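Here are the chains, one letter per residue:
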Amino acid sequence: MSEPQRALLGYISAGQEAISKAERDLETKAQLPPLGTDPGSLQWREETLETSKQTVTSHLSNMNAATAQVVTATNAEDIDHDAVGAAVSQIAQSIPEVTKEVRLIAALMDDDHNGDKLLEATRKLCNAFSDLLKAAEPEAKDPRQNLFNAASRVGEASSQVLSTIGEDSEESRELHDMLLALAKAVANTTAALVLKAKSIASECDDEATRTKGEDEKWCKIYFSTNFTFFSSHWCR
């Protein structure tokens, strides 16, 4: 195993540890002192909720951009282990922050049931990230489709977390739509691009262009384009 591969494995191991701890923490809401009904207490609750929601939204955008980078950088024949490692590190660093803010939001929600739903949705998100990291391991023997499936689940679970939070700003609605689009793109891209590459190759006179490399080339172009748009739009 090369040095970049060993480094990536270390990032993945740290990420899995962070996810395991988060899943345990997400079994309970944050413990808060009794909150009064005076104007000052109500204002603190409202401002804290708003700040926490914005923090979760920001971290989810970064984590989904990192997920797109994992997909882009794990081309079957040319894996950029440094890029994958940077993306995994971003995810690992964000997981504890998301967990902390989600537990606080759940504790401050008026409806206890909604708070429980938020914790469950975030645990599902952690599970999706765990599967993503497992599929991104160096020399993994699992089918590449497992990586696509895990990335799709990350997008869907992220959207569910935002929906449960009830953040209804224009930016969060756009992010919600963007995450769903990313999930669908990741899930459907491989088959669609293989067909497109074959169609383009069949129209070429040069036999050298009709190789399996066309599939990987189009896939990489597609994901690079979408990742660039996604990250530039949300990771400012």
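Residues numbered from 1 in each chain as written. Predicted model: local features only at pLDDT ≥ 70, side-chain atom pairs only at ≥ 80, totals over all residues. Heavy atoms only, no water.

## So, the side chain of T57
- Within the fold, T57 resides in helix 2 (residues 39–73).
- Separated by 2.9 Å, the side chain of T57 and the backbone oxygen of K53 make a polar contact. (Helix = DSSP H or I, 4+ residues; strand = E, 2+ residues; numbered from the N terminus. Polar contact = N/O pair within 3.5 Å; in protein donor to acceptor, adjacent residues only side chain to side chain.)

## Describing the nonpolar core
- Residues I95, L118, F129, L132 and V161 are the most contacted members of the largest nonpolar core, which totals 46 residues.
- Ranked by residue count, the leading element in this core is helix 3 (residues 81–108), at twelve residues.
- Each residue touching V161, except ones within four places of it in the same chain, is listed here: V56, L60, L118, A121, T122 and L125. (Core = buried A, V, L, I, M, F, W, Y, C linked by side-chain atoms within 4.5 Å. Buried < 20%, exposed > 50% of the residue type's maximum accessible area, 1.4 Å probe, protein only. Contact = heavy atoms within 4.5 Å.)

## Describing the pattern of salt bridges
- Inspection of every chain in the model, using the stated rule, returns nine salt bridges.
- Across the pair K124 and E120 runs a salt bridge whose closest N-O atoms are separated by 3.8 Å. On the criterion of helical spacing, the pair formed by K124 and E120 is a turn pair, its members being four residues apart in helix 4 (residues 112–135).
- Given a relative accessible area of 38%, E120 falls into the partly exposed group.
- The closest approach of N and O atoms between D131 and R153, which form a salt bridge, is 2.4 Å. Here R153 lies in helix 5 (residues 144–165) and D131 lies in helix 4, a separation of 22 residues in the sequence.
- For R153, a relative accessible area of 32% puts it in the partly exposed group.
- A single network of salt bridges, built from pairs that share partners, joins K29, D112 and D116. (Salt bridge = Lys/Arg side-chain N within 4 Å of Asp/Glu carboxyl O.)

Read these as spatial facts, not as claims about activity.
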